[in-house]
Amino acid sequence: MEKFGIPSSLLPGKAYINGAWVDGKAGQTFEVRNPASGELLTTIPCLGAVETEEAIGAAYQAFQTWKETTAKERSAILLKWSQLLMANQENLAKIVTLENGKPLAESRGEVAFSASFFEWYSEEAKRTYGDVIPTPVKSKRLVLIKQPIGVAGLITPWNFPAGMLARKVSAALAAGCTAVMKPAEDTPLTALAMTKLGEEAGLPAGVLNIIPCSRQNAASVGKVLCESQLVAAISFTGSSVVGKTLLAQSASTVKKVSMELGGNAPFIVFNSANLDQAVKATVGAKYRACGQTCVSPNRILVQDKIYDEFCSRFAEEVKKFVVGDGMKEGTTQGPLINERGLQKVQRHVDDALQHGGKLLVGGKPHSLGGTYFEPTVISEVSNKAIVFTEETFGPLAALVKFKTEDEAVAIANNSRHGLAGYFYSQDVSQAWRVAERLEVGMVGINEVAISMAPMAFGGVKESGLGREGSKYGLDEYMELKFLCFGGI
């Protein structure tokens, strides 16, 4: 990776436990490859249950002193970490692109997004206010205080390797918790580089521990985190299937659990919408990160009077995409993360066409080979197609026609998932009605860039529990304690 000009200081190549960069006890390693080329980037230690237990013990010991630090002290470290991320933005972006495949421009944005969370929680750390309750008894005084919950087990996905670490770690540490984090096996290098900068920012030993492991060891590492009596909270971002498994494992010790799981986001375009804005926004939201985002529009619903024009203009925009290696400037769509992802997209495309869909653009693996897939647009998609019930997680836009507002809302809500939803309309009354009726945790109204540090990110139904970001994100890592003073 040195050929890309990334300094070796950001490539420690080891796990991080109790303030030390270490190998696994069994000496096992696993490969990290560039999805754009299949090229081997590096090999890093593959840890397992034994090392996870060690990291949990280190985090538990560190918690005894970290929880006693002042909010001001924690704030200073988080703010410096944010500044170091931005000072190293270009090199971090290269690491993200090399192991994830997204275009370098998107990776730069992700690093800035990550830094914003450390900055935000450096400020929110000072605002974990409690409450004073008016007493019904003259001799008593009633107070509520917030305290850090303890060791947090964090499990992050590969699609935003910098952003998801930032969103979880910044909140946990701001609250006064310590953490043990397992990054995704496809993208562990970003987590290790960011941790190196956290160390430079002044993180004490044991406050943050990073456990990289292969896919084969992921289940055992997750199980230890969920079942350990020393771990008080679990935060997971990933699929609903894995989330349910972790939730069941966490039940044995009654942990506090927050989860951001799969989505099946509806994107509704009403007749009154500004068509220029709607087309541009839908294309951007759908194909960002090659469609591999949990808030990516999975079902694009367009009202009948503008449907044909929208489909035509949408397809023309998609035809302009430049597919290729994310390290090359000008690339607008990189590869899918792995072969499994490519096979799923192809299955969704084939199924949509078999159910009567009309192929407008793409539809097959790209001529570049590997895990590249053509940006694809299919109109006239049937509600019997699996894209209606499964998250595609790839560059497939499924376009559906509807007639009435009620019909659109019914289609949008016909899902076991409810993470994000979007709609474009110039009718203010309609905007209020639809926003309130959509069964999702987040709604973009004439807007798609909804994720940012001050907002509460999370879903309903099988899309998860709890919230990340905003002042509410701290609640996932804190306990509310009631104090009753008597004899006053």
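Above this text is the structure in question.
Conventions adopted
- Residues numbered from 1 in each chain as written.
- Predicted model: local features only at pLDDT ≥ 70, side-chain atom pairs only at ≥ 80, totals over all residues.
- Heavy atoms only, no water.
- Pairing = 2+ DSSP bridges.
- Helix = DSSP H or I, 4+ residues; strand = E, 2+ residues; numbered from the N terminus.
- Axes fitted to C-alpha atoms, helices over the stretch in contact; angles between N-to-C directions.
- Contact = heavy atoms within 4.5 Å.
- 1 Å grid on protein atoms, 1.4 Å probe; cavity = no way out; pocket = protein on both sides within 12 Å on 5 of 7 lines; lining within 4 Å.
- Points joined across faces, edges and corners; volume = space filled by probe spheres on them.
- Salt bridge = Lys/Arg side-chain N within 4 Å of Asp/Glu carboxyl O.
- Buried < 20%, exposed > 50% of the residue type's maximum accessible area, 1.4 Å probe, protein only.
- Phe/Tyr/Trp six-rings, centres within 6.5 Å; stacked < 30°, edge-to-face > 60°.
- Core = buried A, V, L, I, M, F, W, Y, C linked by side-chain atoms within 4.5 Å.
- Parallel < 35°, antiparallel > 145°, perpendicular 65-115°, else oblique.
- Nonpolar A, V, L, I, M, F, W, Y, C, P; charged D, E, K, R; others polar.
- Polar contact = N/O pair within 3.5 Å; in protein donor to acceptor, adjacent residues only side chain to side chain.

**Student:** A description of the sheet that holds strand E14 (residues 358-361) should follow, citing residues and the corresponding values.
**Tutor:** Taken in spatial order, the 7 strands line up as E14-E15-E16-E13-E12-E18-E19 in an open sheet, and their pairing is mixed. The sheet is open, and its two edges are formed by E14 and strand E19 (442-445), each paired on a single side. For this sheet the average axis-to-axis angle between neighbouring strands, irrespective of direction, equals 20°. Judged from the 4 bridges that link them, strand E13 (residues 297-303) and strand E16 (residues 396-402) form a sheet pairing that is parallel. Across the sheet, Val-302 pairs through a bridge with Lys-401, a residue of E16. Where helix H11 (residues 339-354) meets the sheet, its contacts fall on E14, strand E15 (376-379) and E16, and the angle it forms with E15 comes to roughly 25°.

**Student:** Mind laying out the layout of surface pockets, listing which residues take part and the relevant values?
**Tutor:** By volume, the largest pocket amounts to about 1,200 Å³. Listed by contribution, the elements that provide at least two residues to the lining of the largest pocket are helix H7 (215-227), strand E10 (231-237), helix H8 (240-250) and H11. The leading source of residues in the lining of the largest pocket is H8, at 7 residues. The volume enclosed by the second largest pocket comes to roughly 520 Å³. Lining the second largest pocket are 25 residues, with Phe-160, Arg-288, Thr-293, Val-295 and Ser-451 sitting closest to its centre.

**Student:** Hey, could you go over the pattern of salt bridges for me, with residue numbers and the actual values?
**Tutor:** Two side chains of opposite charge can pair, provided their charged atoms sit close to one another. For the structure shown, the criterion picks out 27 salt bridges. Two residues, Arg-108 and Glu-329, come together in a salt bridge whose shortest N-O distance is 2.8 Å. With Arg-108 in helix H4 (residues 104-124) and Glu-329 in the loop between helix H10 (304-318) and H11, this pair connects stretches of sequence that are 221 residues apart. Classification of Arg-108 by relative accessible area gives partly exposed; the value is 22%. The exposed category is assigned to Glu-329, whose relative accessible area is 58%.

**Student:** Describe in detail the packing of aromatic side chains, supporting the description with residues and values.
**Tutor:** If you walk through the whole model with that rule in mind, you get 11 aromatic pairs. Taking 4.3 Å as the distance between ring centres and 35° as the angle between the ring planes, the aromatic pair formed by Trp-81 and Phe-118 counts as tilted. Of this pair, Trp-81 sits in helix H2 (residues 71-87) while Phe-118 is found in helix H4, placing the two residues 37 residues apart along the sequence. For Phe-118, a relative accessible area of 0% puts it in the buried group. With centroids separated by 5.7 Å and ring planes inclined at 25°, the aromatic side chains of Phe-310 and Phe-314 adopt a geometry described as stacked. Residue Phe-310 and its partner Phe-314 are both found in helix H10; the two are separated by 4 residues, about one turn of the helix. Neither residue differs from the other here; Phe-310 and Phe-314 are each classed as buried. By the ring-pair criterion, three or more aromatic residues cluster together here, those being Tyr-287, Phe-310, Phe-314 and Phe-321.

**Student:** Please provide a residue-by-residue account of the nonpolar core, values included.
**Tutor:** Counting 85 residues, the largest nonpolar core has Trp-81, Phe-118, Val-169 and Leu-173 as its most contacted members. Of the residues forming this core, the biggest block, 9 residues, is contributed by helix H5 (residues 161-175). Setting aside chain neighbours within four positions, we find Val-169 in contact with Trp-81, Phe-118, Leu-154, Met-181 and Leu-208. In this structure, Ala-273, Ala-281, Ile-300 and Cys-311 belong to the second largest nonpolar core, which totals 34 residues.

**Student:** Pulling in residues and values, what's your account of the sheet that holds strand E6 (residues 141-148)?
**Tutor:** Pairing in this open sheet of 3 strands is antiparallel, and the strands run E5-E6-E22 from one edge to the other. Either end of the sheet is taken by a strand with one partner, and the two such strands are strand E5 (131-133) and strand E22 (478-485). Averaged over neighbouring strand pairs, the angle between their axes works out to 25° when direction is ignored. Sheet topology note: the E6/E22 ladder contains 8 bridges and is antiparallel. If you follow Gln-147 over to E22, its bridge partner there is Glu-479.

**Student:** Can you lay out the packing of H4 against H5 for me, pointing to particular residues and giving the numbers?
**Tutor:** Between H4 and H5, the least distance of the axes is 8 Å, while the angle of their chain directions is 5°. With respect to each other, H4 and H5 are oriented roughly parallel. Two secondary-structure elements touch here, H4 through Glu-110, Phe-113, Ser-114, Phe-117, Phe-118 and Tyr-121 and H5 through Pro-161, Ala-162, Gly-163, Leu-165, Ala-166, Arg-167, Val-169, Ser-170, Ala-171 and Ala-174. In terms of residue class, the contact of H4 with H5 is built from 11 nonpolar, 3 polar and 2 charged.

**Student:** Would you mind going over the environment of Glu-99 in detail, with residue names and values included?
**Tutor:** Position of Glu-99 among the secondary structure elements: in helix H3 (residues 89-100). Judged by relative accessible area, which is 0%, Glu-99 ranks as buried. Taking the C-alpha atoms as reference points, Glu-99 and Asn-34, 65 residues apart in sequence, are found 5.0 Å from one another. Setting aside residues no more than four positions away along its own chain, Glu-99 makes contact with Val-32, Arg-33, Pro-35, Leu-41, Pro-161, Asp-186, Thr-187, Pro-188, Leu-189, Thr-190 and Ile-337. A polar contact is formed between the side chain of Glu-99 and the side chain of Thr-190, at a distance of 2.5 Å.

**Student:** With reference to specific residues and values, describe the side chain of His-417.
**Tutor:** Within the element layout of this structure, His-417 appears in strand E17 (residues 417-418). A polar contact is formed between the side chain of His-417 and the side chain of Ser-240, at a distance of 3.2 Å. Setting aside its immediate chain neighbours within four residues, His-417 contacts Ser-240, Gly-262, Gly-263, Asn-264, Glu-439, Val-460, Lys-461, Glu-462 and Ser-463.

**Student:** Describe in detail unusual backbone geometry, supporting the description with residues and values.
**Tutor:** Here the phi dihedral of Cys-290 falls at roughly 60°; this positive angle occurs in a residue that is not glycine. Relative to the helices and strands, Cys-290 resides in the loop between helix H9 (275-287) and E13. Of note, the phi angle at Phe-393 is positive, near 60°, even though the residue is not glycine. Counting through the fold element by element, Phe-393 comes out in the loop between E15 and E16.

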